[in-house]
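Residue strings, one per chain:
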Amino acid sequence: MPAKPRILFCHCNYARVVPDEVKSSVLEGLCKSGQAFDAVADLCEMAARRDPALKRLAAGESPVKIAACYPRAVKWLFGGCQAPLNAEHTEVVNMRELNAEDATNTVLNKTLTPNLPADGSVAKVEGEKKI
Amino acid sequence: MAIAEETTLRIILYEGEGAEKLATNERSSTLLALLEKGYAVTCAGEGKVSQADESSLLVLGRFNNGKVPDAEDVNGLVSIRFKDINGHNPEEITQLVEEERENSKAAKHGDWKPWFPVIDYDRCTNCMQCLSFCLFDVYGTDDKQEIQVQNNDNCKTNCPACSRVCPEAAIMFPKYKSGPINGDVVSDGDLNREKMKIDISALLGGDVYQMLRDRSQRSRSRFSKERDSDKALGERTKCLTKLAAEADIDIPLEVLQSLPSADEIAKKAEAANAKAEAALNAQKN
Ligand code: SF4
Ligand code: SF4
């Protein structure tokens, strides 16, 4: 059985870009679940100060689910601080795009669907939005 | 002053052996209060969390009889402190933590909205246009002459201008309101959009100042005797607002108003250009 993903939750403190109801629902769900998780106030702030903690948050062999915003932004917030995420083991749950219920279920669900953009090719947006 | 390269205080919310479990609502309200003050919190429970590093740990728990454990890192690398939170509400807990933070080397939060460019290196072609565009020394190059964001707190809050000069749509501001600047996928349409590309001189140089000169010339002839500094400021505001609206760019007015003088802009642009030139030449060699 694949290892259960570790969870990292970003509270996006310093701007209201992630809807409050989505953040609260995910956080509530995590607190109820009895599952261990890491929560940070604002990944952007950590990247701005090149916080060494990003290295520990990115590292590790086990797969990780990151509840934050767009996968491309999250990839390069870490990448720009020499704390690269492992593309095969990382799923970013986009709390800017998903509704509260879907975001919470995706974070708590034990399967991992890696979704970091792999290269710079122009994304094909055929009617449906990729997140 | 550049934002300090400091680490965030890591807090562990401990509910294991020797401590009482928190009710779900207590756990979430404590966690929320700590996150809102900028801390990183690890909630212990079932499954893995991120590994330990060398930053200090503050372990919070409702320890049995208020007796905090006596533990230390066997390797002596990590400083571990414990705080009993029996009888404290979330607000009091954040105060306790703040006192601990002041005694540690951990970062103080919330002084600056984290607004700065994030480069998508999958897309970036190292063309240096952002470096020659930015007048505030946000960009620089690393020792391999590759573009790098160096002074992120020099960036003007809410100004996404440099992302629009990037021909590859490789510059993101994760807290921006819309895509692809916020990190959303880049479509063919985004790349073709004319407004992704703005000429520096049109935006920050010649046109703004020419327009100001023309307007002030006109108004001088009309109101030469009544002009005062308030009016001059009003002129500048009106002119810049109009220009920003015409160009359909959402550069905040405060940013436009705080631009240096035309001469200073020319000097800064020249210096930034020279840096970009040098980096491009070094890439060729
Ligand atoms: S990574 Fe995304 S969710 Fe987190 S602070 Fe930055 S913009 Fe907000
Ligand atoms: S303008 Fe864009 S492609 Fe060119 S160096 Fe800057 S980020 Fe890279």
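Please read these numbers as outputs of a predicted model, since none were measured by experiment.

The rules behind these values
Residues numbered from 1 in each chain as written. Chains lettered and ligands numbered in written order. Predicted model: local features only at pLDDT ≥ 70, side-chain atom pairs only at ≥ 80, totals over all residues. Heavy atoms only, no water. Contact = heavy atoms within 4.5 Å. Buried area = accessible area lost by both parts, 1.4 Å probe. Salt bridge = Lys/Arg side-chain N within 4 Å of Asp/Glu carboxyl O. Polar contact = N/O pair within 3.5 Å; in protein donor to acceptor, adjacent residues only side chain to side chain. Helix = DSSP H or I, 4+ residues; strand = E, 2+ residues; numbered from the N terminus. Near = heavy atom within 4 Å. Nonpolar A, V, L, I, M, F, W, Y, C, P; charged D, E, K, R; others polar. Axes fitted to C-alpha atoms, helices over the stretch in contact; angles between N-to-C directions. Left-handed = near helix turned anticlockwise from the far one by under 90°. Buried < 20%, exposed > 50% of the residue type's maximum accessible area, 1.4 Å probe, protein only. Phe/Tyr/Trp six-rings, centres within 6.5 Å; stacked < 30°, edge-to-face > 60°. Lys NZ or Arg CZ within 6 Å of the ring centre and 35° of its normal. Core = buried A, V, L, I, M, F, W, Y, C linked by side-chain atoms within 4.5 Å. pLDDT = per-residue confidence, 0-100.

1. Focus: the interface of chain B and chain A
Counting residues at the interface gives 62 residues for chain B and 56 residues for chain A. Of the roughly 4900 Å² buried between chain B and chain A on both sides combined, carbon and sulfur atoms contribute 54%. Its largest share of buried area at the contact with chain A, chain B owes to B:Leu35, B:Asp122 and B:Lys175, together 12% of the area lost on that side. At the junction of chain B and chain A, the tally comes to 6 salt bridges. Here B:Asp120 and A:Arg72 are joined by a salt bridge, their closest N and O atoms 2.8 Å apart. The interface formed by chain B and chain A holds 30 residue pairs in polar contact (both at pLDDT 80 or more) in total. The greatest single-element share of the side of chain B that touches chain A, amounting to 7 residues, is contributed by helix α1 (residues 24–36) of chain B.

2. Side note on the site of ligand 2
With respect to spatial proximity, the complete set of residues near ligand 2 consists of B:Cys124, B:Thr125, B:Asn126, B:Cys127, B:Met128, B:Gln129, B:Cys130, B:Ile147, B:Cys166, B:Pro167, B:Glu168 and B:Ile171. Residues of the shell around ligand 2, tallied by class, amount to 8 nonpolar, 3 polar and 1 charged.

3. Here we look at the packing of helix α1 (residues 20–33) of chain A against helix α5 (residues 100–108) of chain A
Residues and elements named next belong to chain A. Between α1 and α5, the least distance of the axes is 8 Å, while the angle of their chain directions is 35 degrees. Pair α1 / α5 crosses with right-handed handedness. Between α1 and α5, the contacting residues are Glu21, Val22, Ser25, Val26, Gly29, Leu30 and Ser33 on the first element and Ala100, Ala103, Thr104, Val107 and Leu108 on the second. Across the contact of α1 with α5, the residue classes tally to 7 nonpolar, 4 polar and 1 charged.

4. Re the site of ligand 1
All residues in the neighbourhood of ligand 1 are listed as A:Cys10, A:Cys12, A:Val18, A:Asp42, A:Leu43, A:Cys44, A:Ala68, A:Cys69, A:Leu77, B:Pro174 and B:Lys175. Those chains with residues close to ligand 1 are chains A and B. In terms of residue class, the shell around ligand 1 is made up of 9 nonpolar, no polar and 2 charged.

5. Brief notes about the pattern of salt bridges
Applying the stated criterion to the full structure yields 15 salt bridges over all chains. A salt bridge links B:Arg10 to A:Asp38; the nearest nitrogen and oxygen atoms lie 3.4 Å apart. Of this pair, B:Arg10 sits in strand β1 (residues 10–14) while A:Asp38 is found in strand β2 (residues 37–40), placing the two residues in two different chains. The buried category is assigned to A:Asp38, whose relative accessible area is 2%. Several salt bridges converge on common partners, so that one network encompasses A:Arg16, A:Asp20 and A:Lys23.

6. Description of the packing of aromatic side chains
Residue and element names in this part refer to chain B. Evaluated as defined, the whole model comprises 4 aromatic pairs over all chains. Taken together, the ring pairs in this structure connect Tyr14, Phe63 and Phe82 into an aromatic cluster. A cation over an aromatic ring shows up here: Lys156 above the ring of Phe136, its NZ or CZ 4.5 Å from the ring centre.

7. Description of the environment of B:Glu15
Residues and elements named next belong to chain B. Inspection of the secondary structure puts Glu15 in the loop between β1 and β2 (19–20). Taking the relative accessible area as the measure of exposure, Glu15 reaches 9% and is therefore buried. The spacing of Glu15 and Asn182 is 167 residues in sequence and 38 Å in space, taken between C-alpha atoms. Beyond its immediate stretch of four places on either side in the chain, Glu15 contacts Glu20, Lys21, Leu22 and Arg27. Within polar-contact distance, the side chain of Glu15 engages the backbone nitrogen of Leu22 at 2.9 Å. A polar side-chain atom of Glu15 sits 2.7 Å from a polar atom in the side chain of Arg27.

8. Details of unusual backbone geometry
Following B:Gly179, the chain continues into B:Pro180 via a peptide bond in cis, with omega recorded as 0 degrees. Considering the arrangement of structural elements, one finds B:Pro180 in the loop between β9 (171–172) and α5 (188–192). Positive phi, close to 45 degrees, is recorded for A:Arg50, a residue that is not glycine. On the secondary structure map, A:Arg50 appears in the loop between α2 (43–48) and α3 (53–58).

9. So, the environment of B:Gln95
All names here are of chain B. When you line up the elements, Gln95 lands in helix α2 (residues 90–102). Residue Gln95 is classed as partly exposed on the basis of its relative accessible area, which comes to 46%. For the pair Gln95 and Ala278, spaced 183 residues apart in sequence, the C-alpha separation works out to 51 Å.

10. As for the nonpolar core
Among the nonpolar cores identified, the biggest contains 66 residues, and A:Leu43, A:Ile66 and A:Phe78 are the most heavily contacted of them. Those residues in contact with A:Phe78 that sit more than four places away from it in its chain are A:Leu8, A:Leu43, A:Leu54, A:Leu57, A:Ala58, A:Ile66, A:Ala83, A:Pro84 and A:Leu85. Core analysis: the second largest hydrophobic core is formed by 29 residues, B:Trp115, B:Met128, B:Cys134 and B:Ala279 among them.

11. Considerations on the confidence of the model for chain A
Overall, the predicted model of chain A reaches an average pLDDT of 89, with 89% of residues at or above 70. pLDDT under 50 marks residues 122–131 of chain A. Its contacts with residues more than four places away, or in other chains, come to 23 contacts.

12. Quick notes on the pairing of strand β4 (residues 90–94) of chain A
The buried count for β4(A) comes to 5 of 5 residues, which makes it a mostly enclosed element. Side chains of β4(A) alternate between two faces, with A:Thr90, A:Val92 and A:Asn94 and A:Glu91 and A:Val93 buried alike.

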